[in-house]
Amino acid sequence: MVSQSTPDAQPKKSFSTFCNPGERVTGGGAFTVGGIHAVITEMQPIQNLTARDSFQVTAEADQFGIAGNWSFQVFAFCATPPASAAIEIVKQPNPRRTGGTDQAFAPCPAGKLLIGAGGKIDNAGGQMDLGMFTNSSGTLATGASAFAKPDADGYSGMYAVTGYSVCAKPNNLLDDFKQQRVSFSSPAGTTSQKQVPAACPSGSALSGLAGATVLPGTHLQQIRPNSAGRPANLATFGAQATIVPSEAWQMDTTMFCVR
């Protein structure tokens, strides 16, 4: 599912795309169209047991602002999994803090695996950017962290970061809901932009995405499926720098794939 925010000059905007009735959200993505000063600060899966699940994205202009109208796309991965998967969203809000970096780790309950991730930064005015990491470098993970880091000239104000993990029980012999995690890093270099395509293993489809950059002044610009059709199994990750990087940097990415 995909939605497009309204093109306008507002410095901060939030927009959501919704799953069909009866479906569960497993993750989502975003693609900003506003240049290097449009910063993603929220990618949140929202489970609503009385209405429709959704995925919400917030993007903000940093302190330099965005010239003219801008917008972004919001993608939601939705599924009708077997009841035995018991999908739930675990939320970990960290206390407000001043300056530096922070990460909020949201562990899945015992017996569940990670199939999607999200995060949110409050009160940083576009000067802290969002990343998401899993807690394992293997093919399976049991939790994710939302990571907040300041931009190139730093941020000394007070902010808060929240992590979200979409968790599900592993399949058994009667279920067709199998999880696998695919991770990789872009080549390190001093270019101002990076873009990497990725694909789920044959026979599986995307359930979620995660990614981050570590060098201050670099941030995600796109973390999205290549099409709005279903099932989607191809994705593109892109990051950009607000200033010419003075050292090599890379983008770390994760795809969650199910079948």
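It should be emphasised that the depicted structure is a prediction, and the values quoted were computed from it without experimental measurement.

Basis of the calculations
Starting from 1, residues in each chain are numbered consecutively following that chain's sequence as written. The model is predicted, so local features are restricted to residues of pLDDT at least 70 and side-chain atom pairs to those at 80 or more, both for listing and for counting; the totals for chains, interfaces and linings are taken over all residues. Note that the side-chain values use all heavy atoms of the structure and ignore hydrogens as well as water. Between buried and exposed lies partly exposed: a residue is buried under 20% and exposed over 50% of the maximum accessible area for its type, with that area taken using a 1.4 Å probe on protein chains only. Comment: elements are numbered from the N terminus, with helices defined as DSSP H or I runs of at least four residues and strands as E runs of at least two. When DSSP locates at least two bridges between a pair of strands, those strands are taken to pair. With axes taken as lines fitted to C-alpha atoms, and helix axes fitted only over the stretch in contact, angles between N-to-C directions fall between 0 and 180 degrees.

Caption draft 1: The pairing of strand S16 (residues 205–213), seen in detail. Within S16, nine of the nine residues are buried, which leaves it mostly tucked inside the rest of the structure. Across eight bridges, S16 lies against strand S19 (residues 251–258) in antiparallel orientation. Following the sheet pairing, Ala212 is matched in S19 by Asp252.

Caption draft 2: Looking closely at unusual backbone geometry. Here the phi dihedral of Ala86 falls at roughly 50°; this positive angle occurs in a residue that is not glycine. Here Ala86 shows up in the loop between strand S6 (71–79) and strand S7 (88–93). The backbone phi angle of Asn123 is positive, close to 70°, even though this residue is not glycine. On the accessibility criterion, Asn123 (47% relative accessible area) is partly exposed.

Caption draft 3: Broad picture of the sheet that holds strand S9 (residues 102–107). Here three strands make up an open sheet; going across it, the order is S9-S12-S11 and the pairing antiparallel. This sheet does not close on itself; its edge strands, each paired only once, are S9 and strand S11 (128–134). If you compare each strand with its neighbour and ignore which way they point, the axes differ by 20° on average. Of the pairings in the sheet, the one linking S9 to strand S12 (residues 143–150) comprises six bridges and is antiparallel in character. Directly across from Ala106, in S12, lies its bridge partner Ala144.

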